[in-house]
Amino acid sequence: MASSSSLCLMVLVAAMASPASAQLSATFYDTSCPSALSTIRSAVTAAVNSEPRMGASLLRLHFHDCFVQGCDASVLLAGNEQNAIPNAGSLRGFSVIDSIKTQVEAVCSQTVSCADILAVAARDSVVALGGPSWTVLLGRRDSTTASEALANSDLPPPSSDLASLIGNFSNKGLDVTDMVALSGAHTIGQSQCKNFRDRIYNETNIDSNFATALQANCPRATGTGDGNLTPLDTTTPNAFDNAYYTNLLSNQGLLHSDQVLFNGGSTDNTVMNFASNPAAFSSAFATAMVKMGNISPLTGTQGQIRLSCSKVN
Ligand code: HEM
């Protein structure tokens, strides 16, 4: 009887430990590569100091990695996902990641995955731009495959309505608060005209002075000025703060998918909370980043540790 109850206990413990994310650990490289984190941090800080937007680009790379096959560095493989609609001509930072990988390989050969480098670089980018910090769980391994089709289906387009965004994040195990908090990443970085043109010419829930100012750099005709850039947060474009949410309160969200978070729907209260309480946003963002970083990692003997992030070994 005693042995059957201890067996039950073992099964229960094993079941509780079964999500793949349970294998990630903050101390994963403490013995195998103690200088990994400081090497990544120095390189990210230098890159962001020389070009603040790079912090935004590195944060977005981690998001686009995790939402497609999980956080497995599939987005870094040349071709494939990089050709998908949300990524082509838009994702940046690959050469910074390649350079970090070279530096990390020089201190610890074939030990630190590209997927972990992306996760740490995202955190260090946010910190470098004045945002919150969090403990990055480590031990992800790199995929040997990537999927353009999954990138097209799983990354939300800027035309998304609120229900689609909620569903899209829920499919990845992220709740509505996570979704609203992670969207606050749009407090940094820039967008191309083609992604907000429809909003600034055709939508009514937009501040009219804001729309007029944006129209000067984003012509109405499709195909003209498509790639012209505007900050996602025009008030403090290079500061990781909560201005994204105060912008939404005054109908100054840049993307359609930004303003739907404050448009009379179920997420209005969360937006108002994050707008008035920067600490609440910082805490929710950090929590949601850890959750996003836990999406379906490869661990143990799955996948590989790539030697070069842009190609399989
Ligand atoms: C909620 C759904 C989301 C949609 C529809 C969306 C869409 C977009 C679009 C269209 C752009 C502009 C791309 C371009 O014009 O080249 C962009 C930029 C950006 N996104 Fe998102 N995004 C979403 C969520 C997120 C999340 C969860 C993060 C990170 C946690 C993120 C981080 C960024 C950053 C930092 C930029 C600026 C990148 C740069 O300047 O290089 N986004 N996003």
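Model, not experiment: these values are computed from the prediction. All residue numbers refer to positions counted from 1 along the written sequence of the respective chain. Note on the predicted model: pLDDT of at least 70 is required for a residue's local features to be given, and 80 or more for side-chain atom pairs to be given and counted; whole-chain, interface and lining totals, by contrast, use all residues. Neither water nor hydrogens contribute to the side-chain values; these are computed over all heavy atoms in the structure.

Visitor: For this particular structure, what's the right way to read empty space enclosed by the protein?
Guide: Where empty space is left can be seen by rolling a probe of water-molecule size over the atoms. Of the grid points, spaced at 1 Å and generated over the protein atoms alone, those admitting a 1.4 Å probe that cannot get out make up cavities, while open sets with protein on both sides within 12 Å along at least five of seven lines make up pockets; any residue with an atom within 4 Å of a point is treated as lining. Grid points are joined across faces, edges and corners, and a volume is the space filled by probe spheres set on the points. In the structure shown here, the tally under the stated rule is one cavity of 30 Å³ or more. By volume, the largest cavity is sized at about 80 Å³. Every residue lining the largest cavity is listed: His-62, Ala-119, Trp-134, Thr-135, Val-136, Leu-137, Arg-140, Met-289, Val-290, Gly-293 and Asn-294. Helix and strand assignments come from DSSP, with helices taken as H or I runs of at least 4 residues and strands as E runs of at least 2, each series counted from the N terminus. Sorting elements by how many residues they give to the lining of the largest cavity places helix H14 (residues 278-293) first, with three residues.

Visitor: Honestly, the site of the ligand in this entry has me stumped. Any pointers?
Guide: By convention in this text, a residue qualifies as near a molecule or strand provided that one of its non-hydrogen atoms is within 4 Å of it. In the neighbourhood of the ligand, 24 residues make up the surrounding shell, with Arg-53, Ser-57, Ser-90, His-186 and Gln-192 lying closest. Residues adjacent in sequence count toward polar contacts only when both atoms are side-chain atoms; beyond that, a polar contact is any pair of N or O atoms within 3.5 Å, and within protein one must be able to donate a hydrogen and the other to accept it. Between a nitrogen atom of the ligand and a side-chain N or O atom of His-186, the distance comes to 2.9 Å. In this structure, Gln-192 approaches the ligand through a main-chain N or O atom, which is 2.7 Å from an oxygen atom. Put simply, the ligand lies in the largest pocket. Only helix H3 (53-66), helix H7 (162-170), helix H8 (176-183) and strand S1 (190-192) provide two or more residues apiece to the shell around the ligand. Residues belonging to the shell around the ligand are distributed by class as follows: 11 nonpolar, 10 polar and three charged. Think of it this way: if more than half of a molecule's atoms are within 2 Å of a pocket's grid points, that molecule is in the pocket or cavity. Amino acids are sorted into nonpolar (Ala, Val, Leu, Ile, Met, Phe, Trp, Tyr, Cys and Pro), charged (Asp, Glu, Lys and Arg) and polar (every other residue, Gly among them).

Visitor: Before we go on, may I ask you to explain the domain arrangement of the protein in this structure?
Guide: How large an interface is tends to be reported as the accessible area lost when its parts come together. Segmentation of the protein into domains returns domain 1 (23-155) and domain 2 (162-291). Any two residues whose heavy atoms approach within 4.5 Å at even a single point are treated as in contact. Of the residues lining the interface, 23 residues belong to domain 1; the matching set on domain 2 comes to 18 residues. By buried area we mean the combined loss of accessible area, with a 1.4 Å probe, across both parts when two parts are placed together. For the pairing of domain 1 and domain 2, the buried interface totals around 1600 Å² over both sides, and the portion due to carbon and sulfur atoms is 68%. Counted as salt bridges are all cases of a side-chain nitrogen of Lys or Arg within 4 Å of a carboxyl oxygen of Asp or Glu. Put simply, domain 1 and domain 2 have one salt bridge between them. Across the salt bridge formed by Lys-172 and Asp-154, the nearest N and O atoms sit 2.8 Å from each other. Linking domain 1 to domain 2 there are five residue pairs in polar contact (both at pLDDT 80 or more). Breaking the side of domain 1 that touches domain 2 down by element, the ones donating at least two residues are H3, helix H5 (114-128) and helix H6 (148-154). Grouping the amino acids of the side of domain 1 that touches domain 2 by side-chain chemistry returns 12 nonpolar, nine polar and two charged. Where a domain begins and ends is set by an automatic assignment or by a domain database.

Visitor: Any chance you could explain the coordination of the iron atom of the ligand here in plain terms?
Guide: Perfect tetrahedral coordination of a metal by four donors corresponds to 109.5 degrees between them, and perfect octahedral coordination by six donors corresponds to 90 or 180 degrees. If you check the protein contacts of the iron atom of the ligand, you find one donor only, His-186 (NE2), at 2.1 Å. The topology assignment puts His-186 in the loop between H8 and S1. A donor here means any N, O or S atom no more than 2.8 Å from the metal (3.2 Å for Na, K and Ca); water is not included, so a site may seem to lack partners.

Visitor: It is not clear to me how the packing of H8 against H14 should be interpreted in this structure. Could you clarify?
Guide: Packed helices, taken two at a time, are described by their axes: the angle between them and the distance between them. Whenever a helix is involved, its axis is fitted only over the stretch in contact; in every case the axis is a line through C-alpha atoms, and angles between N-to-C directions fall within 0 to 180 degrees. Between H8 and H14, the least distance of the axes is 8 Å, while the angle of their chain directions is 105 degrees. Put simply, H8 runs roughly perpendicular to H14. Taken together, the residues of H14 that come into contact with H8 (itself represented by Asp-178, Ala-181 and Leu-182) are Phe-281, Ala-284, Phe-285, Ala-288, Met-289, Lys-291 and Met-292. Residues that form the contact of H8 with H14 fall into these classes: eight nonpolar, no polar and two charged. By definition in this entry, angles of less than 35 degrees are roughly parallel, angles greater than 145 are roughly antiparallel, angles of 65 to 115 are roughly perpendicular, and the rest are oblique.

Visitor: Can you help me understand the layout of surface pockets in this one?
Guide: Estimated volume of the largest pocket: approximately 940 Å³. What lines the largest pocket is a set of 40 residues, among which Arg-60, Phe-63, His-64, His-186 and Leu-255 lie closest to the centre. Elements represented by at least two residues in the lining of the largest pocket include exactly H3, H7, H8, S1, helix H12 (256-259) and H14. At seven residues, the largest contribution of residues to the lining of the largest pocket is made by H3.

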